[in-house]
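Below are the chains, spelled out letter by letter.
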Amino acid sequence: MIDKISIRAFVAATEDEGRVREALSIFVPLDHISSQTALGHFGNEIKILEASLRRKEAQAFFQILHEQLPSEDSFRLHHEIPERLEGASHFHLRLDKQAAYKGLFRLTESKDALDICALVKTYPSNRQQAIKILSELI
């Protein structure tokens, strides 16, 4: 079972925060996105946008991901489940911010991405069971 999904995006000073918020809004309503400000390495302001999805919303996220992710990305993600699973419960992936702004789902390895972490709950905590759950969802 997917208990929670956390989504985070960094907004550099050169980016339009509204566009990044729109990219996040394909997952969560705009009023559910929180914002923090931090200073970058060179003293530049960086906004950190965060949102989360709980149980049913998290399941719906994986359903949409399954339906809309291009087949080559889906294939890749499916085969990388063990590498993307931290411990027995935290599954990580990155989606392209620019594609998300256009309403598309695309995997990326870029640091300029939507960082997504899904909390997979199994009882007792079991890595193989988590991999099985994720394999069925992706």
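Residues numbered from 1 in each chain as written. Predicted model: local features only at pLDDT ≥ 70, side-chain atom pairs only at ≥ 80, totals over all residues. Heavy atoms only, no water.

1. Brief notes about the overall build of the chain
A tally of helices and strands in the chain yields six helices and six strands. In sequence order, the chain lays out its α and β elements as β-α-β-β-α-α-α-β-β-α-β-α. For the chain, whose C-alpha radius of gyration is 15 Å, the value lies close to the compact-globule estimate of 14 Å for 138 residues. Across its three principal directions, the C-alpha atoms of the chain cover 45 × 30 × 25 Å. Every one of the 138 residues in the chain was classed for burial, and the buried ones make up 39%. Nonlocal contacts in the chain, meaning residues at least 24 apart in sequence, comprise 64% of its contacts between residues at least 6 apart. Summing over all exposed atoms, the chain offers an accessible surface of approximately 7,900 Å²; the carbon and sulfur share of this is 51%. Computing the positive centroid from 18 side-chain charges and the negative centroid from 20, the chain places the two 4 Å apart. (Helix = DSSP H or I, 4+ residues; strand = E, 2+ residues; numbered from the N terminus. Rg over C-alpha atoms; globule rule 2.2 N^0.38 Å. Buried < 20%, exposed > 50% of the residue type's maximum accessible area, 1.4 Å probe, protein only. Contact = heavy atoms within 4.5 Å. Areas by Shrake-Rupley, 256 points an atom, 1.4 Å probe, with all protein chains shown as cover. Lys, Arg positive; Asp, Glu negative; His and termini not counted. Charge placed at Lys NZ, Arg CZ, Asp CG, Glu CD.)

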